[in-house]
Amino acid sequence: MKKIFFLSLFWSITFFCMTPFLAAENVKVNHSPDSKTAQKPNIIYFIADDLGKYELGCYGQEKIKTPNIDSLAADGILFTQHYSGSPVCAPSRCVLMTGKHSGHAVIRDNHEIQPEGQRPIPEDSITLAKILKAQGYATGAFGKWGLGFVGSSGDPNKQGFDVFYGYNCQRVAHNYFPKYLWKNDQKVPLEGNDAKLTGKQYSHDIIMEEAKNFIRENKNQPFFLYVPFTIPHVALQTPENDPLLKEYQSQGWNDPPYTGGKGYLPHPTPRAAYAAMVTRMDRSVGEVLALLEELGLSENTLVIFTSDNGPTFNGGSDSTFFCSAKNLRGLKGDVFEGGISVPLVMKWKGKIAPGRTSNTLSAFYDMMPTFAEMTGAELPPGTTDGISLLPTILDSGSQQKHEFLIWDFPGFGGQQAVRFGDWKAVRRGLNHNPHAPIQLFNLKEDPSEKKNVAAEHPEIVKEADALLKREIIPLK
């Protein structure tokens, strides 16, 4: 226990000294007489785990059925140029929660803490949940956390969430039949589960029931529901006798068994299992949408769906078979487009005109200023690297544009990237060569990042280099 305490204290002090974080109490709250808390819009944010952009029907998927997420796009707006915070789980969620791009964020890789959890974000971080809680919102997180073990500075209950239910630790979340889940700081045993290939209680279904109960319990006040799904992150597992699995097994796909390895469980029909998991997640989205209609909340609720990074490459998944990244280069773990270009669809009945598509350049760290503008919160200067997307969402007013987007990812050999306009600069292998050369791509002409044109545009390379050096603050 002493080791865990001092490790948590060390990271908190280190990160506090490195970055000028502001206490959440500095977020200004609109308490004017004309401001009625009950009239503030509800926000539901679904984030899939390792879902490829092109694994959704609304982005062109033909094998996997996602009718409910497709309906979000049909009834609202689909973004074509949205980016995750990072190419892997924990740092991407840190960017989302804190509104800082990964050159400024305190979590930049999947650092493990034993016996359970990941490196915690500082307790005084300004997070989405703290901002909305200060505006009178009920706040709930249901799914996978990954930003600090229970009791640490990064505990979701210390980061603005009234209630958390699910997996605190990403590593434990590699199994869908765990022995327990967490409800705030309490372990909830799951009878009949032994963290094996099968069990009695499928974690995704249990978590979603809790999420729906949160909506019912807070239907008369504004709420922020954050649902970081574990699906479709491997291991490949579905409930016993799952009809969705049987449906996909009947498709006649050539589906060779996955024998397992590197910590992941085997599966006799991995392609069918993967598709069944994605469709199960889609069905859960549909259940939430139906509940909003039942409770009369649809017209006052913004519903958002995205993914934390690009599609994965291990555990029996088959991104090639499903064209999960389509023509984009790279997968999860890459700062190429395939690792960071993710889906983003939104629905807000009566506010967002149906059937819209936007090519606005956007990223995870735009959610903080967007939600702040929606709810009347005033963010102190320097709180976020994002811009509000509300003008685009509502198709009203002038949309501010990003000068650039930045990624700093120490994993997978050490990588950095910056996008500005149609240019994308990438550095790789930085852990072995801190002065690795910049690769340059024109995404308008070469969306697959096949042709490195750095030698032809030295002035653009120089500009990219300056941006990377200016914006990426080294971690200490």
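Refer to the structure above for everything that follows.
The shown structure was predicted, so the numbers you read here are calculated from the model rather than taken from an experiment.

### Some thoughts on the overall build of the protein
A count of helices and strands for the protein gives 11 helices and 15 strands. In terms of overall dimensions, the protein is globule-like: its C-alpha atoms have a radius of gyration of 21 Å, near the 23 Å expected for 476 residues. The principal-axis extent of the C-alpha atoms belonging to the protein is close to 60 × 60 × 55 Å. Relative to its full complement of 476 residues, the protein shows a buried share of 62%. Looking at charge distribution, the protein has the averaged site of its 49 positive side-chain charges lying 3 Å from that of its 51 negative ones.

### Some words on the packing of helix α2 (residues 67-74) against helix α7 (residues 270-294)
Between α2 and α7, whose axes approach to 7 Å, the crossing angle comes to 55°. Judged by the inter-axis angle, α2 sits oblique to α7. For the pair formed by α2 and α7, the contact residues are P67, N68, I69, S71 and L72 on the first element and M281, D282, R283, V285, G286 and L289 on the second. Across the contact of α2 with α7, the residue classes break down as six nonpolar, three polar and two charged.

### Brief notes about unusual backbone geometry
The peptide bond linking Q114 to P115 adopts the cis configuration, its omega dihedral lying at 5°. The omega angle of the peptide bond from I231 to P232 is 0°, so this bond is cis rather than trans. With a phi close to 55°, D395 is a non-glycine residue in the positive phi region. Look at F412: it is not a glycine, yet its phi comes out positive at around 55°. Here F412 is to be found in the loop between β12 (405-409) and β13 (415-420).

### Concerning the packing of aromatic side chains
Throughout the structure, instances matching the rule amount to 22 aromatic pairs. An angle of 85° between the planes, with centres 5.8 Å apart, marks the rings of W145 and F161 as edge-to-face. Taken together, the residues span a long stretch of sequence, with W145 in the loop between β3 (138-144) and β4 (163-167) and F161 in the loop between β3 and β4 at a distance of 16 residues. Comparing W145 with F161 shows no difference in burial state: the two are buried. Ring geometry for Y274 versus F322: centroids 5.6 Å apart, planes at 25°, classification stacked. Of this pair, Y274 sits in helix α7 while F322 sits in the loop between β8 (301-307) and α8 (337-340), placing them 48 residues apart in sequence.

### Considering the pairing of strand β1 (residues 42-48)
Most of β1 is tucked away, with seven of its seven residues classed as buried. Side chains N42, I44, F46 and A48 of β1 all project onto a buried face; the interleaved residues I43, Y45 and I47 project onto the opposite face, where all are buried too. Both β1 and β8 contribute to a ladder of seven bridges, which runs parallel. Each residue of the ladder has a partner; that of Y45, found in β8, is I304. Both β1 and strand β7 (residues 223-228) contribute to a ladder of five bridges, which runs parallel. Paired with Y45 across the strands is Y226, a residue of β7.

### Some words on helix α5 (residues 203-217)
Compared with an ideal rise of 1.5 Å per residue, which puts 15 residues at 21 Å, α5 spans 21 Å between its outermost C-alpha atoms and is within 8% of the ideal. Looking only at α5, the buried set comprises S203, H204, I206, I207, M208, A211, K212, F214 and I215. In the core, the buried residues of α5 are packed alongside β1, β3, β4, β5 (180-183), β7 and α7.

What counts as what
Residues numbered from 1 in each chain as written. Predicted model: local features only at pLDDT ≥ 70, side-chain atom pairs only at ≥ 80, totals over all residues. Heavy atoms only, no water. Helix = DSSP H or I, 4+ residues; strand = E, 2+ residues; numbered from the N terminus. Rg over C-alpha atoms; globule rule 2.2 N^0.38 Å. Buried < 20%, exposed > 50% of the residue type's maximum accessible area, 1.4 Å probe, protein only. Lys, Arg positive; Asp, Glu negative; His and termini not counted. Charge placed at Lys NZ, Arg CZ, Asp CG, Glu CD. Axes fitted to C-alpha atoms, helices over the stretch in contact; angles between N-to-C directions. Parallel < 35°, antiparallel > 145°, perpendicular 65-115°, else oblique. Contact = heavy atoms within 4.5 Å. Nonpolar A, V, L, I, M, F, W, Y, C, P; charged D, E, K, R; others polar. Phe/Tyr/Trp six-rings, centres within 6.5 Å; stacked < 30°, edge-to-face > 60°. Pairing = 2+ DSSP bridges. Expected span 1.5 Å × (residues − 1).

Read these as layout, nothing more, since geometry by itself doesn't imply function.
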